[in-house]
Amino acid sequence: MTATDQQRLGKTLWAIADQLRGAMNADDFRDYMLAFLFLRYLSDNYEAAAKKELGSDYPQFDPDDSRVPLAVWYANNPGDVVDFEKQMRRKVHYVIKPEHLWANIANLSKNQSPDLLDILRDGFKYIENESFESTFQGLFSEINLGSEKLGRTHADKNKKLCDIIKEIATGLKEFSTDSDTLGDAYEYLIGQFAAGSGKKAGEFYTPQRVSDILSAIVTLDSQEPKTGPVNHLGSVLDFACGSGSLLLNVRHRLKKQGGTIGKIYGQEKNITTYNLARMNMLLHGVKDTEFEIYHGDTLTNDWDFLRETNPAKMPKFDAIVANPPFSLRWEPKEEMSEDVRFKNHGLAPKSAADFAFLLHGFHYLKDQGVMAIILPHGVLFRGGAEERIRTKLLKDGHIDTVIGLPANLFYSTGIPVCILVLKKCKKPDDVLFINAAEHFEKGKRQNFLTDEHIDKIVTTYRNRPEKIDRYARRVSMAEIEKEGYNLNISRYISTAQAEEQIDLAATHARLVELESSTRTAKQKHNAFLKELGLPALP
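These numbers were taken from a predicted model, which means no experiment stands behind them.

> Is there a simple way to explain the overall build of the protein chain in this structure?
The number of helices and strands found in the protein chain is 16 helices and 10 strands. What you see for the protein chain is a C-alpha radius of gyration of 31 Å, clearly larger than the 24 Å of a compact globule of 538 residues, by over 25%. Projected onto its principal axes, the C-alpha positions of the protein chain cover 115 × 75 × 45 Å. If you take every contact in the protein chain between residues at least 6 apart in sequence, the share linking residues at least 24 apart comes to 73%. As presented, the protein chain carries roughly 25700 Å² of accessible surface, and 48% of it is formed by carbon and sulfur atoms. Side-chain charges of the protein chain comprise 70 positive and 75 negative groups, with the mean position of each set lying 4 Å from the other.

So, in structure tokens, the structure goes:
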């Protein structure tokens, strides 16, 4: 499918969402829409695997035949169903009963079947509880098919679901629906719903263009960015992963560059967003053995996998990316001062957990790894506990690059933000500052970055020049120390335009010359007026 077709599919699905959600909140409708898109993906994937497994025994029908091939096979081979499902669990790790497949659900919606709601509910429960391994339990837990937002009565709810699914099925019919296509449509819809969610969008979505910068940075050689992209990242972590878009961006970029990722790890506190992330991974063709998303609180570090105390077994990551909630208020307990993540640097203040998130991720970074995190500008200059943490990180040589981005790039806030690039073992004994705040295109609701803007940021990070006038500069630790370890970008890169130098002597001579020529012209003009008998000019 071409990029144009992918965009057309995304716009088609968004138009359906916009038309059908009515008075329903965009966030609520998002969950229904994306769950149905995911069910379509699971069904297509399952039927393709079943066709391969059954070979010539798989029923073949004309395209216009509305029967579900697997349902016919089940009816004709009841004694083989148990063994077939056992084999499918082994190969694709899940089972969908024929009545729960998208093809049957779409048929029910087309015929306005009064049983659709109940069959759909049973299907979600079966996939959650009987089909997937424990990693996927609760995948549809936040999809409330009994919600009054769908209608007051059971019949009203059923009709609404029939209408939604019928339109989605019709919209998808003319497009190829391989995993990449459905994954891209899913991403497009997440972005569109984020645009309508205001501040809530920050809970689950990093704008694609900002995400592109982080993924480009962490897929370059961590110690020698000039040498270009790496061929392999053993592990990548996003500890505030939202819908998983940032992790998928890293994977996509690495694959595009001919590289591979060992495993993707993410953590997300919001249950609905956590489910979105897992669906997003599968929709993009990431196998369930290739990723692990954990539902839990990053700040309290409640993921047992990360709490391993044996240094030999403690997980460490080649690359870490994150866009945590900006300046989140938190309540650190007293014992947290002894937490291995914080005890060498100190606790972030209650008013802003920015450095708590940063230190959490940094603790799990490999010695040769790279971390890129999006944070509000305040982390660069705020005093108190944050100043002490920042100073310690700088003195230890861990802050590699500070990138200032334009304001109004995010759906959730209009404030300008920065990207901090951190390394445990960085070679240069300085900090690279990049001031990209004035380099953007203005949009209707948000500003956005073009390919040229992103390329300039990434190229500057990669080549680490001594200075680019009004844009970038390498600053020595001695100079940063003189500035009190304040990283405010304007202290190191001036964006003011130099005033044009004026040669006063030359300007004076020119004025004298102009005055003389004006006087001569006036005399000639008055002489002409005198010949005509007209009064002269004063």
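After that view of the structure, there is still more to cover.
> How should helix H4 (residues 81-92) be read in this particular structure?
Counting along an α-helix, one turn takes 3.6 residues, and residues three or four places apart therefore face a common direction. Taking 1.5 Å per residue, 12 residues should reach 16 Å; H4 reaches 16 Å between its end C-alpha atoms and fits that length. Considered for burial, the residues of H4 that qualify are Val81, Phe84, Glu85, Met88 and Val92. Burial along H4 is one-sided: seen end-on, the buried residues are contained in an arc of 95°. Exposed and oriented more than 90 degrees from the buried face of H4 are Val82, Asp83, Lys86 and Arg90. In the segment just after H4, His93 is the residue with positive phi, at about 75°.

> How should the packing of aromatic side chains be read in this particular structure?
Where two aromatic rings form a pair, the distance of their centres and the angle of their planes describe that pair. All told, the structure shown has 17 aromatic pairs when counted by the stated rule. Geometrically, the ring pair formed by Tyr265 and Trp303 is tilted, given 6.5 Å between the ring centres and 50° between the ring planes. Taken together, the residues Tyr265 in strand E2 (residues 260-268) and Trp303 in the loop between strand E3 (291-295) and strand E4 (317-322) connect sequence positions 38 residues apart. Given the relative accessible area of 12%, Tyr265 is considered buried. A ring pair is formed by Phe326 and Phe410, whose centres lie 5.7 Å apart and whose planes are at 75°; its orientation type is edge-to-face.

> Explain unusual backbone geometry to me, please; I cannot follow it from the model alone.
Most peptide bonds adopt trans geometry, and most residues besides glycine take a negative phi value. Not every positive phi belongs to a glycine, and Ser327 is a case in point at roughly 45°. Topologically, Ser327 is positioned in the loop between E4 and helix H12 (354-363).

> Sorry, what's going on with the sheet that holds strand E8 (residues 430-435) here?
Within a sheet, adjacent strands bond to each other through the backbone by hydrogen bonds, running parallel or antiparallel. Sheet architecture is open: 10 strands sit in the order E3-E2-E1-E4-E5-E7-E6-E8-E10-E9, paired in mixed fashion. Two strands in the sheet have a free side with no partner beyond their single neighbour: E3 and strand E9 (467-468). Note that E2 and E3 share 5 bridges and pair parallel. Its bridge partner lying in E3, Gln267 is registered against Tyr294. Of the strands in this sheet, E4, strand E5 (365-376) and strand E7 (417-422) are in contact with H12, which crosses E5 at around 160°.

> Just to check I follow, could you spell out the nonpolar core for this structure?
It is characteristic of soluble globular proteins that their nonpolar side chains tend to be buried jointly. Core analysis: the biggest nonpolar cluster contains 115 residues, and Leu13, Phe36, Tyr46 and Phe140 have the highest contact counts within it. Excluding residues that lie within four positions of it along the chain, Phe140 makes contacts with Ala35, Phe38, Leu42, Phe124, Ile127, Glu128 and Met279. Membership of the second largest hydrophobic core comes to 47 residues, among which are Ala322, Met336, Leu393 and Cys418.

> Which parts of the structure should I look at to understand the packing of helix H2 (residues 26-54) against helix H7 (residues 154-173)?
Each pair of packed helices can be summarised by the angle the axes make with each other and by the distance between the axes. As a packed pair, H2 and H7 sit with axes 11 Å apart at the nearest point and diverge in direction by 50°. As judged from the angle between their axes, H2 and H7 are oblique. Crossing geometry of H2 relative to H7 is assigned as right-handed. For the pair H2 and H7, the contacting residues are Phe29, Met33, Phe36, Leu37 and Arg40 in the first and Leu161, Ile164, Ile165, Ile168 and Leu172 in the second.

> What should I look at first to understand the pairing of strand E1 (residues 232-238) in this one?
A regular strand places its side chains so that they alternate between the two faces of the sheet. Burial of E1 is extensive: 5 of the 7 residues sit out of reach of the surface. Pairing geometry for E1 and E2, over 6 bridges, is parallel. The residue of E2 that forms the bridge with Val236 is Ile264. In terms of handedness, the path from E1 via helix H10 (residues 245-256) over to E2 forms a crossover that is right-handed. One ladder, built from 2 bridges, connects E1 with E4; its direction is parallel. Looking at E4, one finds that Leu237 is bridged to Ile320.

> Help me understand the pattern of salt bridges in this model?
Pairing between side chains becomes possible if they bear opposite charge and their charged atoms approach one another. The tally for this structure, following the rule as stated, stands at 25 salt bridges. Asp118 is paired through a salt bridge with Arg121; the nearest N and O atoms lie 3.4 Å apart. One end of the pair is Asp118 and the other is Arg121, both in helix H6 (residues 116-131) and 3 residues apart, which spans about a single turn. Given a relative accessible area of 31%, Asp118 falls into the partly exposed group. Its salt-bridge partner being Arg464, residue Asp400 comes within 3.2 Å of it at the nearest N-O pair.

> What exactly am I supposed to notice about helix H3 (residues 69-76) here?
Buried residues of H3: Pro69, Leu70, Trp73 and Tyr74, and no others. The buried residues of H3 all sit within an arc of 135° when viewed along its axis, so they share a single face. Within H3, the exposed residues directed more than 90 degrees away from the buried face are Ala75 and Asn76. In this structure, the buried residues of H3 make contact with H2 and H4.

> Sorry if this is basic, but what is going on with the environment of Trp14 here?
Relative to the helices and strands, Trp14 is located in helix H1 (residues 3-20). Sequence separation between Trp14 and Phe29 is 15 residues; the distance between their C-alpha atoms is 11 Å.

> Can you help me understand the side chain of Asn447 in this one?
With respect to the secondary-structure elements, Asn447 resides in the loop between E8 and helix H14 (451-463). Among the polar contacts listed, one links the side chain of Asn447 to the backbone oxygen of Ala407, at a separation of 2.9 Å. Beyond its immediate sequence surroundings of up to four residues, Asn447 is in contact with Ala407, Asn408, Leu409, Phe440, Glu441 and Lys442.

> Can you walk me through the side chain of Ser113 in this structure?
Mapped onto the fold, Ser113 is located in the loop between helix H5 (102-110) and H6. Beyond its immediate sequence surroundings of up to four residues, Ser113 is in contact with Leu108, Asn158 and Cys162.

> Help me understand the packing of helix H9 (residues 208-218) against H14, please; the structure alone is not making it clear to me.
Close contact between H9 and H14 brings their axes to 10 Å; oriented N to C, the two are set at 25°. Between H9 and H14, the angle is such that the two are roughly parallel. The crossing of H9 and H14 is right-handed. Contacts between H9 and H14 pair Arg209, Asp212, Ile213, Ala216 and Ile217 from the former with Asp451, Ile454, Ile457, Val458 and Tyr461 from the latter. Tallied by class, the residues present in the contact of H9 with H14 amount to 7 nonpolar, no polar and 3 charged.

Procedures and definitions
Residues numbered from 1 in each chain as written. Predicted model: local features only at pLDDT ≥ 70, side-chain atom pairs only at ≥ 80, totals over all residues. Heavy atoms only, no water. Helix = DSSP H or I, 4+ residues; strand = E, 2+ residues; numbered from the N terminus. Rg over C-alpha atoms; globule rule 2.2 N^0.38 Å. Contact = heavy atoms within 4.5 Å. Areas by Shrake-Rupley, 256 points an atom, 1.4 Å probe, with all protein chains shown as cover. Lys, Arg positive; Asp, Glu negative; His and termini not counted. Charge placed at Lys NZ, Arg CZ, Asp CG, Glu CD. Expected span 1.5 Å × (residues − 1). Buried < 20%, exposed > 50% of the residue type's maximum accessible area, 1.4 Å probe, protein only. Arc of directions from axis to C-beta. Phe/Tyr/Trp six-rings, centres within 6.5 Å; stacked < 30°, edge-to-face > 60°. Pairing = 2+ DSSP bridges. Axes fitted to C-alpha atoms, helices over the stretch in contact; angles between N-to-C directions. Core = buried A, V, L, I, M, F, W, Y, C linked by side-chain atoms within 4.5 Å. Parallel < 35°, antiparallel > 145°, perpendicular 65-115°, else oblique. Left-handed = near helix turned anticlockwise from the far one by under 90°. Right-handed = clockwise from strand over helix to strand, strands pointing away. Salt bridge = Lys/Arg side-chain N within 4 Å of Asp/Glu carboxyl O. Polar contact = N/O pair within 3.5 Å; in protein donor to acceptor, adjacent residues only side chain to side chain. Nonpolar A, V, L, I, M, F, W, Y, C, P; charged D, E, K, R; others polar.

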